[in-house]
Amino acid sequence: MSRAVKIIHIALTATAWGIFTASLVRFIVVWGSLPENLGIHFASDGQFDMISKKSYAAYPYIVTVAALAFFEIAALLSKKIKTGVKISENGDLKIRAALKILLDIFKLGFSFFFSGVWADCVIRQRPLNTIIPAAVMLIMFLSFCAFAIAAIVIKVKNPPGRE
């Protein structure tokens, strides 16, 4: 993997974990001042549609940790999976590097939305701005499209036997 890809990977992963950690610390600090029952889930219009015990406010953190773990494991597995695609070794490495960055973008998206935005709205008991999840999903979708296009271009430009 190239140095640039390693730097991008470290930056995106550190940012995703940093958002999670900072938000979790904030949650722990304000725990005592939260009401016993609070809004914890949002309807499609951004208003709370579920009120529950404050312990359920940990939901966005659980989702974030699950997503971060899933994408970390997926990145590790992506090194070992045989794709069956007829491509040069160099092309294969490029596709795997692009996949790693895509998974890192997904990590950041989940961390930003759940630990950053969702958790903040729950802590402050404010409605969710519905543009934010749409924007995060759009960025993740466009990143996937860019990855798919890059993979096709890399495959075409790196046929087997050409190093």
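Before reading on, note that the structure itself is shown above.
Owing to the predicted nature of the structure, the values given are computational and were not obtained by experimental measurement. The written sequence of each chain sets the order in which its residues are numbered from 1. Under the rules for a predicted model, residues below a pLDDT of 70 receive no local features and side-chain atom pairs below 80 are neither given nor counted, while totals for whole chains, interfaces and linings still include all residues. Side-chain metrics rest on all non-hydrogen atoms present in the structure, leaving aside hydrogens and water.

Participant: Hey, could you run me through helix α4 (residues 131-157) in this one?
Facilitator: Side chains of residues three or four places apart in an α-helix project in the same direction, reflecting 3.6 residues per turn. With 27 residues, α4 should cover 39 Å at 1.5 Å per step; its first-to-last C-alpha distance of 38 Å lies within 8% of that length. All of the buried residues in α4 are Pro133, Val136, Met140, Ser143, Phe147, Ala151 and Ile154. By the convention used here, residues are in contact when the closest approach between their heavy atoms is within 4.5 Å. Numbering of helices and strands starts at the N terminus; helices are DSSP runs of H or I of at least 4 residues and strands are runs of E of at least 2. Packed against the buried residues of α4 are α3 (89-124). Any helix carries an expected span of 1.5 Å times its number of residues minus one. We call a residue buried when its accessible area falls under 20% of the maximum for its residue type, exposed when it is over 50%, and partly exposed in between, using a 1.4 Å probe and counting protein chains only.

Participant: Whenever I open this one, the environment of Ile139 confuses me. Can you help?
Facilitator: Here Ile139 shows up in helix α4. Here Ile139 falls in the exposed class, since its relative accessible area comes to 51%. Measuring from C-alpha to C-alpha, the distance between Ile139 and Phe42 comes to 21 Å, with 97 residues separating the pair along the chain.

Participant: Help me understand the packing of helix α1 (residues 3-30) against α3, please; the structure alone is not making it clear to me.
Facilitator: Helix packing geometry: the angle between the two helix axes and the distance between the axes. Helix axes are fitted only over the stretch in contact, all axes being lines through C-alpha atoms; the angle between N-to-C directions runs from 0 to 180 degrees. Put simply, α1 and α3 touch, their axes get as near as 9 Å, and they point 15° apart. With respect to α3, the axis of α1 lies roughly parallel. Considering the relative orientation of α1 and α3, their crossing is left-handed. Any angle that is under 35 degrees is reported as roughly parallel, and any over 145 degrees as roughly antiparallel; angles of 65 to 115 degrees are reported as roughly perpendicular and all others as oblique. Note on convention: the crossing is left-handed when the near helix lies turned anticlockwise from the far helix by less than a right angle, right-handed when the turn is clockwise.

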